[in-house]
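Letter by letter, the chains look like this.
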Amino acid sequence: MPPLACVEAVEAPHSLSHPLSYPSHYGYGYGIGYALPGEGSLPVPAIVSNTNPFLLNANSTAWSTAHSSALYKVDGWGAPYFVVNENGNMAVLPHGSMTLPSEEIDVMKVIKKVVEPKSAGGLGMCAPLMIRFPDVLKHRLEALQKAFDSAIVMHMYESHFQGVYPVKCNQDRYIVENVVEFGKQYCFGLEAGSKPELLLAMACLCKGSSKALLVCNGYKDEEYVSLALLARRMDFNSVIVLEQEEELDVVIAASRKMSVRPVIGVRAKLRTKHAGHFGGTSGEKGKFGLTSVEIVSVVKKLRKEGMLDCLQLLHFHIGSQIPSVSVLNDGVSEAAHIYCELVKMGANMKVIDIGGGLGIDYDGTKSASSDMSVAYDLEEYASAVVEAVRAACAQKGVVHPVLCSESGRALVSHHSLLVFDVVSMQGKKASAATAVAAASGAELDSLPEELVDEYKAVQAYARIGDCQMSQAAAQRMKMKGVALFKEGMLSLEQLAMVDGVCEVTSGQHQAQAEEAPTVCHINLSIFKSMPDYWAIGQLFPVMPIHRLNERPTVQAILSDLTCDSDGKIETFVGEGGRVHSLAMHSWSGDPYYLGMFLGGAYQEALGGLHNLFGAPNVVHVVQSSGPHCFAITRALPGQTSADVLGMMMHEPHIMFDSLKCRIEDSLSLPLPFCLSEHEHDSTLNAIASAFHSLPYLSSNSSTPSSSDVDDEFEDDDDIWTH
């Protein structure tokens, strides 16, 4: 597939000292005015001005891409991989700050290539869409390695860094294979926390460095331990890390049974911990690890069994998203002293594994006081680790160990971009209510007198600017209208007219009082694609990925496709770290795409099947050195309805056969229930097509026509092979 042309990025003008500093006359609130009632008609109150401070009116200073970049804090959370380009689209810098202008990837051009029909040279796929950028993943891994290599030189550290990728962050086959490929020259390894993850890691490391570490974490039984020992026999550099003291007996018994000398590590339960949600796995009451008493007991037992030389690695974990270098330094220093003491006790120590914790800046604030940010960069993180271990070893006269980290979140978060489209905006509901109220043509004298009186009160209070009393009169009008309708004294058209007026009046007053956001419905399942937002309140950057050279005019919250009131996004990256609505552009029905950034870690593994919405389509995009800036190297279809039904133990083949029998039975029914032969075939093909379609909503352009379906499933026997 031919790659597409690229677009150069645009820099913010130097003369713009603060792109969001606007004149003070953009005050809060709306000015509300109402038309006088016409003769024999019921007019609707109308807004006469809109001076929302966040969404400036069209006559003010021209909007630029620099304004959008500042509004959505792209320079904060996106650097050095995401920018707003001169076309007003989000662009990816696949090589970080080293990316040349000719190498930038315009996300909208990728989407265009993906969603275009195959007849036009596209892939014929639709949103939601996961776009992976392997070049970004490669750059992250190299940047981590470079940061530690530089710190080792700077602090005259006498060993090296050798990282591992914890596959639990994202077990996707191609991600793990890419990590192994990109990290082979650095002896980069993998970490597993379960038996299937260990199998995955073993298979992928067949193409990795023979020196790469295979760290076996997690709770273990005899089968897990035996598999890890088999890996050692197969010449993998596997290390069995004890999470509980009792696991040592299993390791000793299995190693003797299999005649395999194990390499053992212990996970220390540190006193150091950090506050917030992600610090819950650390400290003395953490879920994993051994106390000092238990570590000493392990050493004594290994010495007694003549296996103390097998103890070679110390592992610890301060907690995910370590907020500051000071917390990091405290934890690493504590662990380094434990390492040194193990050396003094006779253990054959070689590696100190600092675990995960290298955080990323989700909200762009670079703050140590938020779970969604960190107050350091890669270089500062690596420098703190190296210096803390060096200092402890120098104090105790211990040889410097190999440094290992399990930095999964920091490796894979940036390289995946989730794109989804808007399917409707609730704001249109108000215009529909306006039409009902204004276009009904009902005359005032057709309403009961008490409703006419209340309507006149609404108008009178509105004319003098008493919005509270106008709203109260509208509510009384609505209550009386409902009561009269229940008594059979009001027609449905008259009730609709009353409700329409009250809805519009209420909406305008609410907008004046609290800037109520529009509800925007999106083609996505939050539970499948952003589970951490729903489960723990994780904040991800979400924003439009095009039209960023236009002024946003709508404040919205996002509501997903699921039949669940929790399926919504109400918190977004913004001023001060987070805001409670998303600035969007007006929507007229044309494709309008939003993106969720920094979601490459954990979301896909944790995502559920609420309402049976499955995984979206996936494409892999790499920077191309040819005349175009990118190429799509892999396109993976998302989970179909048949796929997700199968995951819930349904059998789509049997389901289809049952429905096929039902359709065939209809051939013998009397008219008008009897199907013609053509109707029989088209119905059968439509059901087959439904099984093979993605559960998400599809645009008209991507929905197959009846003739396409007939052609594709012309032979019933081949229905499940297309």
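Every value quoted in this text rests on a predicted model; they were computed, and no experiment measured them.

Some thoughts on the pairing of strand 18 (residues 554–559)
Right, so step 1: For strand 18, the tally of buried residues reaches 6 of 6 residues, placing the bulk of the element in the interior.
Right, so step 2: Judged by which residues are buried, strand 18 turns out to be covered on both faces: Val554, Ala556 and Leu558 on one side and Gln555, Ile557 and Ser559 on the other are all buried.
Right, so step 3: Two elements, strand 16 (residues 518–522) and strand 18, share 4 bridges in a ladder whose sense is parallel. Each residue of the ladder has a partner; that of Thr518, found in strand 18, is Ala556.
Right, so step 4: Here strand 18 runs beside strand 20 (residues 582–584); their pairing, made up of 3 bridges, is antiparallel. Following the sheet pairing, Val554 is matched in strand 20 by Met584.
Right, so step 5: Bridging between strand 18 and strand 19 (residues 568–569) involves 2 bridges; their strand directions are antiparallel. From the neighbouring strand, Leu558 faces strand 19, where its bridge partner is Ile569.

Comments concerning the environment of Leu248
Right, so step 1: Looking at the element boundaries, Leu248 is found in helix 8 (residues 247–258).
Right, so step 2: Sequence separation of Leu248 and Val266 is 18 residues, and the distance between their C-alpha atoms is 9.7 Å.
Right, so step 3: If we ignore the near neighbours within four places in the chain, the residues touching Leu248 are Leu242, Ile264, Val298, Lys301 and Leu302.

Comments concerning helix 15 (residues 467–486)
An α-helical segment advances 3.6 residues per turn. Residues three or four places apart therefore align on the same side.
Right, so step 1: The end-to-end C-alpha separation of helix 15 is 29 Å, in line with the 28 Å expected for 20 residues at 1.5 Å each.
Right, so step 2: The set of residues buried in helix 15 consists of Ser470, Ala473, Ala474, Met477, Gly481 and Leu484. Looking straight down helix 15, one finds its buried side chains confined to an arc of 100°; they lie on one side. Exposed residues lying more than 90 degrees from the buried face of helix 15 are Gln468, Met479 and Lys486.

Considering the sheet that holds strand 4 (residues 90–92)
Right, so step 1: In spatial order, the strands read 3-4-5; together these 3 strands make up an open sheet with antiparallel pairing. The sheet terminates laterally at strand 3 (82–84) and strand 5 (105–106), the two strands that pair on one side only.
Right, so step 2: Here strand 3 pairs with strand 4 via 3 bridges, running antiparallel. Bridge assignment links Phe82 to a residue of strand 4, and that residue is Val92.

Section: the UniProt feature "active site" (unreviewed entry) in the protein chain
Right, so step 1: UniProt records the feature "active site" (unreviewed entry) at Cys563, using the numbering of this structure.
Right, so step 2: Here Cys563 lies in the loop between strand 18 and strand 19.
Right, so step 3: The exposure class of Cys563 is exposed, given its relative accessible area of 70%.

Examining the sheet that holds strand 13 (residues 351–353)
Right, so step 1: Spatial strand order, 7-8-9-10-11-12-13-14: 8 strands in an open sheet with parallel pairing. The open sheet has two free edges, formed respectively by strand 7 (164–166) and strand 14 (402–404), since each of these has just one partner strand. Across the sheet, the mean angle separating the axes of adjacent strands is 25° when strand polarity is ignored.
Right, so step 2: Examined bridge by bridge, strand 11 (residues 264–267) and strand 12 (residues 311–315) share 4 bridges and lie parallel to one another. Bridge pairing in strand 12 links Arg267 to His315.
Right, so step 3: Each of strand 8 (189–192), strand 9 (213–216) and strand 10 (237–242) is contacted by helix 7 (residues 222–233), which is oriented at about 150° to strand 10, the strand it contacts most.

Details of the nonpolar core
Right, so step 1: Core analysis: the biggest nonpolar cluster contains 160 residues, and Met90, Ile131, Tyr165, Leu190, Leu558 and Met584 have the highest contact counts within it.
Right, so step 2: Each of domain 1 (134–413) and domain 2 (417–426 + 515–601) gives at least three residues to this core.
Right, so step 3: In this view, Tyr165 contacts Asn170, Ile175, Val176, Val179, Phe188, Gly189, Leu190, Glu191, Gly408, Leu411 and Val412; residues no more than four positions away in its chain are not counted.
Right, so step 4: Ranked by size, the runner-up nonpolar core spans 16 residues in total, among them Val458, Ala474, Met497 and Cys502.

Let's talk about the packing of aromatic side chains
Right, so step 1: Evaluation of the coordinates by the stated rule reveals 11 aromatic pairs.
Right, so step 2: Centroid distance Trp77 to Phe82: 6.1 Å. Interplanar angle 45°. Geometry classified as tilted. Across the pair, Phe82 and Trp77 agree in class, each one buried.
Right, so step 3: Taken together, a centroid distance of 5.7 Å and an interplanar angle of 90° make the contact between Tyr362 and Phe540 edge-to-face.

Rules used throughout
- Residues numbered from 1 in each chain as written.
- Predicted model: local features only at pLDDT ≥ 70, side-chain atom pairs only at ≥ 80, totals over all residues.
- Heavy atoms only, no water.
- Buried < 20%, exposed > 50% of the residue type's maximum accessible area, 1.4 Å probe, protein only.
- Helix = DSSP H or I, 4+ residues; strand = E, 2+ residues; numbered from the N terminus.
- Pairing = 2+ DSSP bridges.
- Contact = heavy atoms within 4.5 Å.
- Expected span 1.5 Å × (residues − 1).
- Arc of directions from axis to C-beta.
- UniProt positions renumbered as here; feature names shortened; annotations may be inferred.
- Axes fitted to C-alpha atoms, helices over the stretch in contact; angles between N-to-C directions.
- Core = buried A, V, L, I, M, F, W, Y, C linked by side-chain atoms within 4.5 Å.
- Domains from an automatic or database assignment.
- Phe/Tyr/Trp six-rings, centres within 6.5 Å; stacked < 30°, edge-to-face > 60°.

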